[in-house]
Amino acid sequence: MNQIIDTVVNSLQDLLANTIKIVPAIITALVIIMLTRYAAQFMIGIAERIGKRTLQSKSLQLLFSKTAHITTWVIGVVIACVVAFPGLRLGDIIATLGLSSVAIGFAFQDIFKNFLSGILILVQRPFRIDDQIIVGDYEGTVERIDIRTTKIRTYDGERILVPNSEVFTSAVRVRTAFNQRRTDLAVGVDYNTSLPEAKKILLRTIKKVEGVLEKKAPEIDLVGFGDSSIDFVIRYWTHPRQPQVRQVQTRAIIAIKAALDAANISIPYPIRTLYYYNQDKYNDYIPSNNQGNHAKNHQNKDEEDNSYAGSIN
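Residues numbered from 1 in each chain as written. Predicted model: local features only at pLDDT ≥ 70, side-chain atom pairs only at ≥ 80, totals over all residues. Heavy atoms only, no water.

**Topic: the overall build of the protein**
Step number 1: When you go through the protein residue by residue, the secondary structure sums to 8 helices and 8 strands.
Step number 2: Looking at the protein residue by residue over its 313 residues, the buried ones come to 27%.
Step number 3: Restricting to contacts in the protein with at least 6 residues of sequence separation, those with at least 24 account for 62%.
Step number 4: Carbon and sulfur atoms provide 58% of the accessible area of the protein, an area that totals close to 22500 Å². (Helix = DSSP H or I, 4+ residues; strand = E, 2+ residues; numbered from the N terminus. Buried < 20%, exposed > 50% of the residue type's maximum accessible area, 1.4 Å probe, protein only. Contact = heavy atoms within 4.5 Å. Areas by Shrake-Rupley, 256 points an atom, 1.4 Å probe, with all protein chains shown as cover.)

Spelled out as structure tokens, the structure:
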């Protein structure tokens, strides 16, 4: 019994001794973690200043700051682990991280794909924050480009989160890529209208509409003969943002309708012509009198033949 007690006491003494040896290392590791926090904040400030000087994209500046913050924390944690556990070597940590990265890569390949796509989008800058774009079935204003998704605010006031990989691999239509944007407005006039006169009226009217740019002159094109009208297309330029495009189009339609009414030029609507026939004259399913008499005579002859055959029998 005394031997067992001695063994337990010796084990506790060894454990206490090892704990006392480890305490300074643990305290040092905690100090390193606390210093890492301040170092991360310091690195964020440096990264923000460097990013503002060297990078034009706000999203790329944010990505640079986050990368500096995460890198600082990873280095601090690795150093704290090495100090707290002297038997743990840096090579073992790197090897463990390498094996873990392979497993994590297979498990989170979609996340990494979106992450890399986000970096390429930020570097190549196919569009910018506040641009109005169309990606697939989504259209709206770019609010932010994060590491994983691109945030789009639709014209209806909704937010769409599109994965960066989809944005990077899809055709993106940037409506605000340039300082002006063209609108094609179709209008039809009556076939009795003088086309040169109508063209002059349309051109004069569209030039006076508020919001139509003067740098690029409007164009009036004849595009074809419709079912009820001769069709024009009015091509004019406005500022590229969607609200201005819609407002100018509304003003243009009102002005064109008023100008054509003042010139007594009608904008025809589809016309259908109906022809009424005499139904008694054109009912083909009713047999004529000659056909009816012939059928009646044929029926009487068949009845006589049947009667004659019955008398012979």
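**Some points on the sheet that holds strand S1 (residues 132–135)**
The strands making up a sheet associate through hydrogen bonds between their backbones, and the pairing can be parallel or antiparallel.
Step number 1: In space, the 5 strands of this open sheet follow the order S4-S3-S2-S1-S5, with antiparallel pairing throughout. The sheet is open, and its two borders are formed by strand S4 (159–163) and strand S5 (172–174), each paired with just one other strand. Neighbour to neighbour, the strand axes of the sheet diverge by 40° on average, direction disregarded.
Step number 2: Pairing of S1 with S5 involves 3 bridges; the strand directions are antiparallel. Within S5, the position partnered with Ile133 by the bridge is Val174. (Pairing = 2+ DSSP bridges. Axes fitted to C-alpha atoms, helices over the stretch in contact; angles between N-to-C directions.)

**Digging into the sheet that holds strand S6 (residues 181–189)**
Step number 1: Strand order in the open sheet made by the 3 strands is S6-S8-S7, with antiparallel pairing throughout. Single-partner strands in this sheet number two, and they are S6 and strand S7 (219–225). Adjacent strand axes in the sheet meet at a mean angle of 25°, parallel and antiparallel pairs treated alike.
Step number 2: Looking at chain direction, S7 and strand S8 (residues 230–238) are connected through 6 bridges and run antiparallel. The residue bridging Glu219 from the neighbouring strand is Arg235, located in S8.
Step number 3: Sitting on the sheet, helix H6 (residues 195–208) touches S6, S7 and S8, and the angle it makes with S8 is about 20°.

**Here's the deal with the packing of aromatic side chains**
Step number 1: Taken as a whole, this structure holds 1 aromatic pair when the rule is applied.
Step number 2: An angle of 15° between the planes, with centres 6.3 Å apart, marks the rings of Tyr191 and Phe225 as stacked. Here the residue Tyr191 occupies a position in the loop between S6 and H6, and Phe225 occupies one in strand S7, the gap between them amounting to 34 residues.
Step number 3: The class for Tyr191 is partly exposed, based on a relative accessible area of 39%.
Step number 4: Here Phe225 falls in the exposed class, since its relative accessible area comes to 69%. (Phe/Tyr/Trp six-rings, centres within 6.5 Å; stacked < 30°, edge-to-face > 60°.)

**Re unusual backbone geometry**
Step number 1: The phi dihedral of Asp130 falls on the positive side, at around 80°, and the residue is not glycine.
Step number 2: Not every positive phi belongs to a glycine, and Asn264 is a case in point at roughly 60°.
Step number 3: Relative to the helices and strands, Asn264 is located in the loop between helix H7 (242–262) and helix H8 (289–312).
Step number 4: Judged by relative accessible area, Asn264 falls into the exposed class, the value being 72%.

**Here's the deal with the layout of surface pockets**
Step number 1: Here the largest pocket defines a volume of roughly 170 Å³.
Step number 2: The wall of the largest pocket is formed by Arg173, Val174, Arg175, Ala177, Phe178, Gln180, Arg181, Arg182, Thr183 and Val245.
Step number 3: Broken down by element, the residue count for the lining of the largest pocket peaks at 3 residues, all from S6.
Step number 4: The class makeup of the residues in the lining of the largest pocket is 4 nonpolar, 2 polar and 4 charged. (1 Å grid on protein atoms, 1.4 Å probe; cavity = no way out; pocket = protein on both sides within 12 Å on 5 of 7 lines; lining within 4 Å. Points joined across faces, edges and corners; volume = space filled by probe spheres on them. Nonpolar A, V, L, I, M, F, W, Y, C, P; charged D, E, K, R; others polar.)

**Overview of the side chain of Asn164**
Step number 1: Mapped onto the fold, Asn164 is located in helix H5 (residues 164–169).
Step number 2: Residue classification places Asn164 among the buried positions, given a relative accessible area of 0%.
Step number 3: Separated by 2.8 Å, the side chains of Asn164 and Thr150 make a polar contact.
Step number 4: Discounting chain neighbours no more than four positions away, the residues touching Asn164 are Asn114, Ser117, Gly118, Ile121, Ile145, Asp146, Ile147, Arg148, Thr149 and Thr150. (Polar contact = N/O pair within 3.5 Å; in protein donor to acceptor, adjacent residues only side chain to side chain.)

**A short note on the packing of H6 against H7**
Step number 1: Look at H6 against H7: their axes get within 9 Å of each other, and the N-to-C directions meet at 140°. Comparing the axis directions of H6 and H7 gives the class oblique. Note on packing geometry: the crossing formed by H6 with H7 is right-handed. Each of Ile201, Leu202, Thr205 and Ile206 in H6 lies in contact with H7, whose residues at this interface are Ala252, Ala255, Ile256, Ala259 and Leu260. (Parallel < 35°, antiparallel > 145°, perpendicular 65-115°, else oblique. Left-handed = near helix turned anticlockwise from the far one by under 90°.)

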